[in-house]
Structure formats: C-alpha cells, structure tokens
Amino acid sequence: GMGDRSYADSFCEAAKLIETRMTELGSSKALEMGIGDDRDEDKWETGFSKWLPEFWSCVKAAEPADDGAPKPPLFEIQLHEGACLVPQQICPPGATLLEVGESRRMT
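These numbers were taken from a predicted model, which means no experiment stands behind them. (Residues numbered from 1 in each chain as written. Predicted model: local features only at pLDDT ≥ 70, side-chain atom pairs only at ≥ 80, totals over all residues. Heavy atoms only, no water.)

Caption draft 1: Quick look at the overall build of the chain. Secondary structure summary: the chain contains 2 helices and 2 strands in total. In the chain, the order of α-helices and β-strands from amino to carboxyl end is β-α-β-α. For 107 residues, the compact-globule formula gives about 13 Å, and the C-alpha radius of gyration of the chain, at 22 Å, lies well above that figure. Summarising its shape, the C-alpha atoms of the chain cover approximately 50 × 40 × 35 Å along the three principal directions. Here the chain, with 107 residues, has 7% of them falling under the buried criterion. (Helix = DSSP H or I, 4+ residues; strand = E, 2+ residues; numbered from the N terminus. Rg over C-alpha atoms; globule rule 2.2 N^0.38 Å. Buried < 20%, exposed > 50% of the residue type's maximum accessible area, 1.4 Å probe, protein only.)

Caption draft 2: Expanded view of the pattern of salt bridges. Evaluated as defined, the whole model comprises 10 salt bridges. As a salt-bridge pair, arginine 39 and aspartate 4 come within 3.0 Å of each other at their nearest N and O atoms. With arginine 39 in the loop between strand E2 (36-37) and helix H2 (45-58) and aspartate 4 in the loop between strand E1 (2-3) and helix H1 (13-24), this residue pair connects regions lying 35 residues apart in the sequence. The partner of aspartate 66 in a salt bridge is lysine 71, and the shortest N-O contact between them spans 3.1 Å. You can call aspartate 66 exposed: its relative accessible area is 60%. Each of Arg5, Asp37 and Asp40 takes part in a single network of salt bridges with overlapping partners. (Salt bridge = Lys/Arg side-chain N within 4 Å of Asp/Glu carboxyl O.)

Caption draft 3: Spatial organisation of H1. The end-to-end C-alpha distance of H1, which contains 12 residues, comes to 16 Å, matching closely the 16 Å that a straight helix rising 1.5 Å per residue would cover. Following H1 by one or two positions, glycine 26 adopts a phi angle in the positive range, close to 100°. (Expected span 1.5 Å × (residues − 1).)

Caption draft 4: Examining the environment of leucine 85 more closely. Tracing the backbone shows leucine 85 in the segment after H2. According to the relative accessible area criterion, leucine 85 is exposed, its value standing at 67%. Residues leucine 85 and alanine 69, spaced 16 residues apart in sequence, show a C-alpha to C-alpha distance of 32 Å.

Caption draft 5: The environment of methionine 106, seen in detail. For methionine 106, the position within the fold is in the segment after H2. Measuring from C-alpha to C-alpha, the distance between methionine 106 and aspartate 38 comes to 23 Å, with 68 residues separating the pair along the chain.

Caption draft 6: The packing of aromatic side chains, seen in detail. Throughout the structure, instances matching the rule amount to 4 aromatic pairs. When the ring of tryptophan 51 is compared with that of phenylalanine 55, the centres are 5.3 Å apart and the planes differ by 25°; the resulting orientation is stacked. Here tryptophan 51 and its partner phenylalanine 55 are both found in helix H2, 4 residues apart, which amounts to about one turn of the helix. On the basis of relative accessible area, phenylalanine 55 is assigned to the partly exposed category, the value being 26%. Each ring, one from phenylalanine 55 and one from tryptophan 56, has its centre 5.0 Å from the other, and the planes form 65°; the classification is edge-to-face. Here a set of aromatic residues connected by ring pairs shows up, and it is made of Trp44, Phe48, Trp51, Phe55 and Trp56. (Phe/Tyr/Trp six-rings, centres within 6.5 Å; stacked < 30°, edge-to-face > 60°.)

This is a description of form; function is not addressed.
Here it is, written out as structure tokens:
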C-alpha cells in the first residue's frame, strides 16, 4: 500500500481494504503487505525496497538485474490511416482558463 502516515485514519486504506476483501473471499497471504510511506526519508521507495526482495523470495524467482537506465517502451502508439488527432483543452465545466504571465519558483 502507499500513503502518508500523517493521515492516520486512512493510511494505506485502499491496500488494507483489498487485503481484507481478499481474505473474506478465502485467499491466503503469500507475504505481508508492503507499506510505502510518503513520510519516510526515501518516500515510498523505503517500504518498496524492503518489500521487493521478500516478493522475489516468495515467488521463488531471481531478482532481475537493474542497471538504473530507462527501459525501452513495451509498446508503441500508431494512428490508423485517416485518423485525425485533435488536441483538446481540458477545462472543468464552469472554470475559466487563465494565461500564465510568469512562472517563477518561490522556494
């Protein structure tokens, strides 16, 4: 699960609800739920880095090598012949788009 522990009443709530429902349906845990906390020093990666080796061990698979380089895309997008792609401005109903006159970092 991922969350921010400062929201104590709903920390990792989605993952906890899914885990509870899976148990109600008769599943059994292969390993404990991983917790990614945005308050950790390394953000969610702290919990993920702890959980991932446990996952590979649980599924009895070798952890893939990661050289840190971006991976090639698994797919490409192709437009069909004659297709028209018209970009649309996204604006919620009743909202007014404003032109940005200046964008400057304040911190």
